[in-house]
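Observations on chain architecture
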Amino acid sequence: MRLPPGAPALALSALALPLAAVLDGAAGPAGPAALAVTGVLVLLAVLCVVFVLGGGSASHDPLYYVFTMFSFTSVIDLIISLEQDGYIQGYMEFYLTEGEPYLRTAYGIMICYWDGVIHYLLYLAMVAAIDQRKSYRSLGLYWLGSIMMSIIVFLPGNLIGKYSSEIRPAFLLNLPYLLLPIWAGQRLFQQPKPLPCCTADKVAEEQRKGLHQRPLDLGLILLLLMAGAFTLFRGLVVLDCPSESCFNYMYQYEPYLRDPVAYPKVQMLVYTFYFLPYFGLCIYGLVWPGCTWMPDWALVFAGATAQAQFSHVGASLHQRTPYPYRTPEEAWWSVVLANSLYALGPHLLAYRCLRSPGFFQPPVPGPLPTDKKRQ
């Protein structure tokens, strides 16, 4: 009997809650090392279940196994976040105490919410697409940016922040989140792109337009310039720039940037050294036609920005963040609005690239001279 699309992922999700409770009680007396080994065994067992339930659905695409296994861990992350916020009890207490105590932080809770909701929905959609032999390239690139942003902030933040002395063997359970997305990203970029919906004449017409004839692109450039300025400014803030404006911003608007957990500092540095050059390249791509890399990377950076801004803003407002580092009530709306606009820019750019991709297609050769045509 053929299983419905996404059935293995849903079946594993249903097992996550009772399995979390059983493992937490079973590993309790054993200690951190045994907890890490138990986690590895659980992941292997989940992978075996995926092989059995997947059947022929995954034979043509090994990413089926990755997404189904990650859907299981997404539900575990959702359980962690719900337990930390007091909605449920008695499932992951020992794991958080002896395994990964940094997940108790506001940032840890927010990334667990994102993984347990947004990533989980993306996994279900991609597993169903694989099962139905449909393209999921765009969803996959968005997920790739989101999960890579999560891991490149989370891991360094654990190593250099206030929890650096509490790294346990269970920290190694994060390695699949680093290695598998890199491999998955390579496969996603190798998948064939959707066929262009624009004719050669339409592409040529789009690419002949000057910037003054494309007001939406001009607005995007202005938005990217503001985002770049905001990125550079917050990068200077976390690098302890002695400027009075940087000092006032840190203490009056985003004191979370000086939280000793180090996640916000790492986040701002990632923005400065990766997003700032990207914004410059995007401005170039909106001015000069034929930048074929734009649609794919716009999706990747849109996913990265969404994850980063949700986790950063959510953690700065969460009650687990100590009061001196929490966003002040009088600055709440201005901080949320500024960060929301920051997240909106890459999404508008990705929408523009997907909605009207003609400007980013390879340049169309000009018409042949008359004498060449006659020959």
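Please refer to the structure placed before this passage.
Some words on the state of the cysteines
Inspection of every chain in the model, using the stated rule, returns zero disulfides. The closest cysteine sulfur to the non-disulfide-bonded Cys291 is located on Cys282, 9.2 Å from its own sulfur.

A look at unusual backbone geometry
Positioned with a positive phi, Asp240 is a non-glycine residue whose angle comes to about 60 degrees. Tracing the backbone shows Asp240 in the loop between helix H9 (215-238) and helix H10 (244-252). Looking at Asp240, the relative accessible area reads 60%, which means it is exposed. Backbone geometry places Ala262, a non-glycine residue, at a positive phi of 80 degrees. Along the polypeptide, Ala262 turns up in the loop between H10 and helix H11 (263-287).

Concerning a nonpolar patch on the surface
There is a patch of nonpolar side chains on the surface, built from Val37, Val40, Leu41 and Leu44 and spanning about 360 Å² of accessible area. Examined against the element boundaries, Leu41 turns out to sit in helix H2 (residues 32-54).

Points about the nonpolar core
Formed by 94 residues in total, the largest nonpolar core has its most connected members in Phe67, Trp143 and Leu349. Per-element accounting of this core gives the leading share, 16 residues, to helix H5 (residues 106-131). Those residues in contact with Trp143 that lie beyond four places of it in its chain are Phe67, Phe70, His119, Leu122, Tyr123, Met126, Pro181, Ala184 and Leu188.

Cut-offs applied
- Residues numbered from 1 in each chain as written.
- Predicted model: local features only at pLDDT ≥ 70, side-chain atom pairs only at ≥ 80, totals over all residues.
- Heavy atoms only, no water.
- Disulfide = S-S within 2.5 Å.
- Helix = DSSP H or I, 4+ residues; strand = E, 2+ residues; numbered from the N terminus.
- Buried < 20%, exposed > 50% of the residue type's maximum accessible area, 1.4 Å probe, protein only.
- Patch = residues over 30% accessible without salt bridge, like charges linked within 9 Å, V, L, I, M, F, W, Y side chains within 5 Å.
- Areas by Shrake-Rupley, 256 points an atom, 1.4 Å probe, with all protein chains shown as cover.
- Salt bridge = Lys/Arg side-chain N within 4 Å of Asp/Glu carboxyl O.
- Core = buried A, V, L, I, M, F, W, Y, C linked by side-chain atoms within 4.5 Å.
- Contact = heavy atoms within 4.5 Å.

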